[in-house]
Structure formats: C-alpha cells, structure tokens
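The primary structure of each chain is shown beneath.
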Amino acid sequence: MSFSRRDFLGKAAGLSALALADPVSLFAQEYPGASKDLVDIAAKPVLDLSSLKNPVIIESIDLLKKGNQFFVRVRSKDGVEGISLDNNRARYLAPIFLERVAPFFIGKDARQLENLLWELYRWGSNYKLQGLAYWSPVAWLEFAILDLLGRVAGKSMGDLLGGVIRKRIPFYVASGRRDSTPEEEIVYLQGLIDETKAKAVKYRVGGRMSRNEDALPNRTKELIPLTRKVLGDDIALHADSNSSYDPPQAIEVGRMLEDIGAVYFEEPCPFDRLEDTKLVTDTLTIPVSGGEQEYSHWRFQWAIQNRAVDIVQPDLHYYGGMIRSIRVSRMAELRNMPTTVHISGGFGFIYMLHFASRTPDIGRYQEYKRNIQNYSDWFDPPLRIIDGEMTVPEGPGVGIVDTKQVLKGAELVKA
Ligand SMILES: [Mg+2]
C-alpha cells in the first residue's frame, strides 16, 4: 500500500509519547492561529508535587449514595482516602463514571493526575462522549484525587494547586427566579441581601434560551432600572440572561445594565454562539461574561484570544475539575481577563472557594447559593460568612475533617 501502515503506527506511537510528556501544547502547531503565549501558559504543570516524594497508588474507587447526594471515595494503597461530592447529576451519569472513568485510574499513581486526565480522554475513545455528561464524572474523580493528594501532602487544595493567596472570598447572592414580576423580584432580592448580608446580587433577565422572549411581558426592561432605584447605589448588581438573546436584543439589554452600572452581563447570547457573543462584547462597555456550558479547552482559548467575552466562567464540575479550569484562568490572566467560575451542585461552592483561594484574578464577586449552613460544620474552623465574604476551608485536601462521619450510612452504587 502506498500509505505506509508502519509509518502511520510509528507516528501514532510518537504521538502517544508526546501526549504523555506535554498534554496541552501538543496541538499548538496544528492551530497556527493560536497565540503561543496562551498555549505555553496553559501547558505548564498545575499541581505542586514537591512534597509528594513517593507514589500514591490508587487501589480503589467507589461511588456512594446517601440520600440524594452522591460521593466518590478514592483510597490509596497506603489506606489514605479522599472524597468528593457530585453536582446533583450522578443519579443519571453514574454509569459513565463507573464504566468510563473510574476503572482507568485503578493501579495508577495519583501524582500523575495531570497526564492521566489527558490519557483518560483518549482511553476507549472517551473523547466521543465529551460534553458535560463526560466531564462532570471526571470532575468528581479529580476532586477526590486532589483531596487524597492533599491529605498525603498535608496541603489544602489551594496550596496543592499553586498556593493560597486569599482566605476570604467576596460573594454575590443569586436569585435564580424568573417567575416573579419586577416588584416581586425586588422584594425577593432585598430578602436575600438581608439574609446573607451580601454586598452583591445577581438576578435573571430574559427568558432562558428563549429566542428574545421575556419570562413575563416587559419584566426585563422594568426590572433593571428598578433594581438600582430600590436596592440603592451601594449594592453591586449582576444580570444573567442564560442564552436568551440575539445580538441586537442583547445589546439593548446590555445598555440598560450599563445605565445602572452593573458589574457584568452574563451569557447574553446562546452559549455556543461565540461570534454573536463577541459582537455583543465588542459593542458594549459593560463586561460580558460566559463559559459555564463550555467544555472545550480550544474554544476557551479562542474565546480568550478573540475576547469573545470579558470574563471567563468555566464550571468547575461541567468543565472537568480544577486543573482544566486553572489552565483557562491562566490564559485569561495573560489577557487581563478575570475568571469567575460557575458553580453547580450543593457542595460546588466549596470547590469554588478553593479555586478562588489560589487564583490571582477572580473578578469582584463569586456566586453563593445560600447553603453554607449545610456543610459549615464539616470543616474546622467551621465555614463562616463575615462581612459579605465566605471563609476558605482550611486543613488538608478539601478540608472535610471527618469523612467517615460524612459517609456514614452511604451505600455503594454498582455498575
Ligand atoms: Mg449563568
């Protein structure tokens, strides 16, 4: 045959070795439009393995269920355990975790996590599954392995991921409602502020993936000026359209948000319409944010290089965990763009706190969903809200003190 099979296999073997050595920069040459500085900064190692001199061999990985909550428990050969919590999606994504993610890691050295994530993506053609349904289970495992490594190293997640630089995180409280009239929403927002003592709020505009339709007639254009008028000048306002608008409509709503001095306008256009989003970003002066649905490193790179948004928002679960999200934040930082991560799942804000503890530019406020009391006592010292800020968990790994107690009564989920 004219196309040499041997040549091809030789190249494939070379590709495999290269992939292990340098997972992210591998494809740089294939994307001549990619800025080299972005490619290089993303490719640098993320984990600080300096205090992990010996292999941490993964002996078992279990998925457990307690009530509605799912947990991953990773145990090393030396008997150290790390755990993580899912993002309320394991009830239907469990088979992907049990069949496509967990088995690959058995017998592997957890210190190789960064390369293993890349190899997992290729393993059994897992890349064909990619999207939130693949990367969420990867994140559950990554968080559990980071917890394990942190416990072995005696380092918090933030220290393991480069070093803690802040211990308190300013937050906004999120409304999440669209069923309210503007007047009802104002009362609701004021209640959230009173309850949490937040210095910032986020509310929803538009109709959610609604092709310009509002949730209620005129809700958005009445709500936006009313929030500033009633809540006052001292509160920081954020608005999220959840992919509601085409560019002309997004620009009109964005202008209203500029008039009230809002902090940012989130996901103005359908999330995968990057060029539409860029048009809105280019036109408005208010920062545009987005990225919670994104799962592609290359598309984030494109979005940063072309400034499709002003603030990037990978979701720590949907996007596959801390390491991938940190790579995005490094590229963003190089272009003076903050990374304000999106969170999902009840426990998701804990991972956000760790991410925010070590990331130089996180923007002004991180999301809070009013559930700190459900987990506060798992940590020592207990998590607290002080003056519009949340405290970052201390202690090794994710910081849960008594994982046995947390997992008490949990049942094993089988493939
Ligand atoms: Mg959003």
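Refer to the structure presented above.
As a starting point, this report considers the structure included with it. (Residues numbered from 1 in each chain as written. Predicted model: local features only at pLDDT ≥ 70, side-chain atom pairs only at ≥ 80, totals over all residues.)

Attention shifts here to the pairing of strand β6 (residues 236-240). Within β6, four of the five residues are buried, which leaves the element mostly enclosed by the surrounding structure. Two strands pair when backbone bridges link them, and strand β5 (residues 200-204) and β6 are joined in this way by five bridges, in the parallel orientation. When the bridges of β6 are listed, Ala200 appears paired with Ala236. Here β6 runs beside strand β7 (residues 264-266); their pairing, made up of three bridges, is parallel. In the sheet register, Asp240 faces β7, and the bridge partner there is Glu266. As a crossover connection, the stretch from β6 through helix α9 (residues 247-259) into β7 is right-handed. (Buried ≥ 20, exposed ≤ 12 C-beta atoms within 10 Å, placed from the backbone. Helix = DSSP H or I, 4+ residues; strand = E, 2+ residues; numbered from the N terminus. Pairing = 2+ DSSP bridges. Right-handed = clockwise from strand over helix to strand, strands pointing away.)

The step from Asp380 to Pro381 runs through a cis peptide bond, and the omega angle for that step is 0°. Checked against the element boundaries, Pro381 lands in the loop between β10 (366-368) and β11 (385-386). Here Met209, not a glycine, exhibits a phi torsion of approximately 50°, which is positive. One can find Met209 in the loop between β5 and α8 (219-231). The partly exposed category is assigned to Met209, around which 13 C-beta atoms lie within 10 Å.

Our focus in this paragraph is the packing of helix α3 (residues 90-105) against helix α5 (residues 132-153). The contact between α3 and α5 brings their axes to 9 Å, and the two run at 55°. Taken together, α3 and α5 sit at an angle that is classed as oblique. Read as a crossing pair, α3 and α5 show a hand that is right-handed. Contacts from Leu93, Ile96, Phe97, Val101, Ala102 and Phe105 of α3 reach α5 at Ala133, Tyr134, Ser136, Pro137, Val138, Trp140 and Leu141. Across the contact of α3 with α5, the residue classes tally to twelve nonpolar, one polar and no charged. (Axes fitted to C-alpha atoms, helices over the stretch in contact; angles between N-to-C directions. Parallel < 35°, antiparallel > 145°, perpendicular 65-115°, else oblique. Left-handed = near helix turned anticlockwise from the far one by under 90°. Contact = placed C-beta atoms within 7 Å. Nonpolar A, V, L, I, M, F, W, Y, C, P; charged D, E, K, R; others polar.)

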